[in-house]
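# Structural overview for review
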Amino acid sequence: MEVRSEGSLQARCDKLPAPVIPRNRLHVWFIRVCSSILIWTCLVQLVAVGELWHPRLLTGISSHFSRITPFPLHVEKAILSPPPPPPLPARIYGTSPTGSDIHDKGLIGSAMICDMVTIAQFLNLTLVVPELDKTSFWSDPSNFEDIFDVRHFIESLRDEVHIVKRLPKRFSRKYGYKQLALPPVSWSNEKYYSEQFYLGNYGENGFWLKWINGSYGTLLQPVLQHLAREGDSINGFQVKGRILPLFSKYKVIHFNRTDARLANNNLPLDLQKLRCRVNFQALKFTPQIEALGHKLVHILQEKGPFIALHLRYEMDMLAFSGCTHGCTHEEAEELKRMRYAYPWWREKEIVSEGRRLQGLCPLTPEEVGLVMQALGFDKGMQIYIASGEIYGSERRLAALRAAFPKIVKKEMLLGQEELQQFQNHSSQMAALDFMVSISSNIFIPTYDGNMAKLVEGHRRYLGFRKSILLDRKKLVELLDLHQNGTISWSEFEASVRQAHNKRMGQPTHRRVIPDKHKEEDYFYANPQECLCERANCDDLLGPGIPKTLR
């Protein structure tokens, strides 16, 4: 029997060659790793480019799955429908429906933004986050992101339209890119943007230089010709082609006028509902504005019911409307000088009393006090003044305050340090007033400006909250009759109440006046398509209410 020691076994094992990984295998693994990194890098770049040029290509997959319902599906009877319209061109990155005239004093421009989103979605274009006007009388330096939650705006509309925060440098005017500036025609329907033809003489650089009015310029002046075909001649001008291809040619279109660029009525239902989704869901104020607005509402509600009075008796409104009723001679001259100081305000000579008798002036604080007393409001009712500085200050508020002592403003309810961040930012201040107005027990606008109409529409959307829509033309007549002694207080009171029985924000059809868009009801004041599920809403609004005035 042979005996071997452990030492000899260990020595033999040590002599066995150790496994060595061939160098060519290391090379293979190195190449694989590098290739994987390269492929993933390329894939990320492709995705980024795809998002810019064809966002629907990638988001379509996610939106398809998001539409799958977890509930059992029910088979419904197929309904024959007309063939779909021809497809629009592929989305073009950088198309910029932005606005240099996007907000009024106190108005945040949400209606204009809603219209631009709707137009971008209809034309399958990329929308750049809108620019706000910083050159107007109010000189508000606020940007879009100072008023609205940009992230929420983009995310909530990701399945509707592709939105980017800013243009890439290569498309920026700062870097020499020549954008096409285009002011769309007011009150246009969707066919204007997709089927419109334009006229003119063809310039050497491919621009259309001849305007319809015969003058010359460097921008395209569009005209609406639904029946025109390419090659037709209209008023001596030849129809050359459609507006829509301009988006493919210029890549970036700057809509430099955005107020009332979509019609109130006769738009497809899906577009009307999109306007509502943007207005009521996508446009959300910044957390800072929301927090302070909720605090204001909470302070008021703790003290009981309150009225939000949109008292639009402010210097700019009086100057530009020419309304000087109740002003001293010196004040009237000051307002006139202010109107003449701004050349963009076209109407200079205005007969104040004639405009007032037509109901085109905001009611004065003294008139508002009489009307509110006639409507039966208790003297102890809280009244929140949702406006800027009243012209004439406390002197003009004296009569109103004597009738209703509990008049408050945001400056009285919040500390100076809380409002400091919003000083000299009229749009952000207006956002606070907006939040209080839609939350108030009663809303009373003294002038039907843009903000008043937006508040009215929000209150309808939130369940037809009471909004007393003053008939200024009728009220001026009654006020003059009462003040000159023609009718007694009881007669004045009864007439005021009777005139406003059906002006309390009740459900009603939007009034349509063909060819008089400024005089008909504003879509955002009564978005009836969004107040019920059916298109006609007859069950809610009542089939007997006339919809059209001829």
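Up top you'll find the structure we're talking about.
Owing to the predicted nature of the structure, the values given are computational and were not obtained by experimental measurement.

### Considering the pattern of salt bridges
Enumeration over the complete set of coordinates arrives at 20 salt bridges. The residue arginine 356 makes a salt bridge to glutamate 367 at a minimum N-O spacing of 2.9 Å. Of the two residues, arginine 356 is situated in helix H13 (residues 352–357) and glutamate 367 in helix H14 (residues 365–374); the sequence distance between them amounts to 11 residues. For the pair arginine 356 and glutamate 367, a shared accessibility class is recorded, and that class is buried. Between arginine 497 and glutamate 493 there is a salt bridge; the shortest N-O distance is 3.4 Å. Here the residue arginine 497 and the residue glutamate 493 both occupy positions in helix H21 (residues 489–499), the gap between them amounting to 4 residues, near one helical turn. Taken together, the shared-partner salt bridges connect Glu353, Arg356, Glu367 and Asp480 into one network.

### Considering the packing of aromatic side chains
Across all of its chains, the model carries 10 aromatic pairs by this definition. Judged by centre distance (6.4 Å) and plane angle (40°), the rings of tyrosine 193 and phenylalanine 255 are tilted. A residue pair is termed long-range when its members are at least 10 positions apart, and tyrosine 193 in helix H7 (residues 190–195) and phenylalanine 255 in strand S7 (residues 253–255) qualify at 62 residues. In this pair, the class of tyrosine 193 matches that of phenylalanine 255, namely buried. Ring centres of phenylalanine 280 and tyrosine 461 lie 3.9 Å apart, and the angle between their planes is 10°; this geometry places the pair in the stacked category. Within this pair, whereas phenylalanine 280 is found in helix H9 (residues 269–282), its partner tyrosine 461 is found in helix H19 (residues 450–461), the two being separated by 181 residues in sequence. Members of the aromatic cluster, connected to one another through ring pairs, are Phe144, Phe148, Phe153, Phe285 and Phe434. In this structure, arginine 275 is placed above the aromatic ring of phenylalanine 523, and the distance from its NZ or CZ to the ring centre is 4.3 Å.

### Thoughts on the pairing of strand S8 (residues 306–310)
The element S8 is largely enclosed, with a buried count of 5 among its 5 residues. Residues Phe306, Ala308 and His310 point to one face of S8 and Ile307 and Leu309 to the other, with burial holding for every one of them. Taken together, the 4 bridges between S8 and strand S9 (residues 382–385) define a ladder with parallel strand orientation. Across the sheet, residue alanine 308 finds its bridge partner in S9, namely tyrosine 384.

### So, the nonpolar core
Counting residues in hydrophobic clusters, the biggest one holds 72 residues, and the most contacted among them are Phe153, Val278 and Tyr384. Setting aside anything within four residues of it in sequence, one finds tyrosine 384 in contact with Leu296, Leu300, Phe306, Ile307, Ala308, Leu309, Val408, Lys409, Lys410, Leu413, Asp433 and Val436.

### Here we look at empty space enclosed by the protein
Under the defined criterion, the tally for this structure stands at 5 cavities of 30 Å³ or more. What the largest cavity holds in volume is close to 80 Å³. Lining of the largest cavity is provided by 13 residues; of these, His325, Arg356, Cys361, Pro362 and Thr364 occupy positions nearest its centre.

### Re the state of the cysteines
Applying the stated criterion to the full structure yields 2 disulfides. One disulfide bridge connects cysteine 276 with cysteine 530, the sulfur atoms lying 1.7 Å from each other. On the sign convention where negative is left-handed, the bridge of cysteine 276 and cysteine 530, at about 85° about the S-S bond, is right-handed. You can see cysteine 276 sitting in helix H9 and its partner cysteine 530 sitting in the loop between H21 and helix H22 (538–541), a full 254 residues away along the chain. Residue cysteine 276 shares its accessibility class with cysteine 530, and that shared class is buried.

The rules behind each value
- Residues numbered from 1 in each chain as written.
- Predicted model: local features only at pLDDT ≥ 70, side-chain atom pairs only at ≥ 80, totals over all residues.
- Heavy atoms only, no water.
- Salt bridge = Lys/Arg side-chain N within 4 Å of Asp/Glu carboxyl O.
- Helix = DSSP H or I, 4+ residues; strand = E, 2+ residues; numbered from the N terminus.
- Buried < 20%, exposed > 50% of the residue type's maximum accessible area, 1.4 Å probe, protein only.
- Phe/Tyr/Trp six-rings, centres within 6.5 Å; stacked < 30°, edge-to-face > 60°.
- Lys NZ or Arg CZ within 6 Å of the ring centre and 35° of its normal.
- Pairing = 2+ DSSP bridges.
- Core = buried A, V, L, I, M, F, W, Y, C linked by side-chain atoms within 4.5 Å.
- Contact = heavy atoms within 4.5 Å.
- 1 Å grid on protein atoms, 1.4 Å probe; cavity = no way out; pocket = protein on both sides within 12 Å on 5 of 7 lines; lining within 4 Å.
- Points joined across faces, edges and corners; volume = space filled by probe spheres on them.
- Disulfide = S-S within 2.5 Å.

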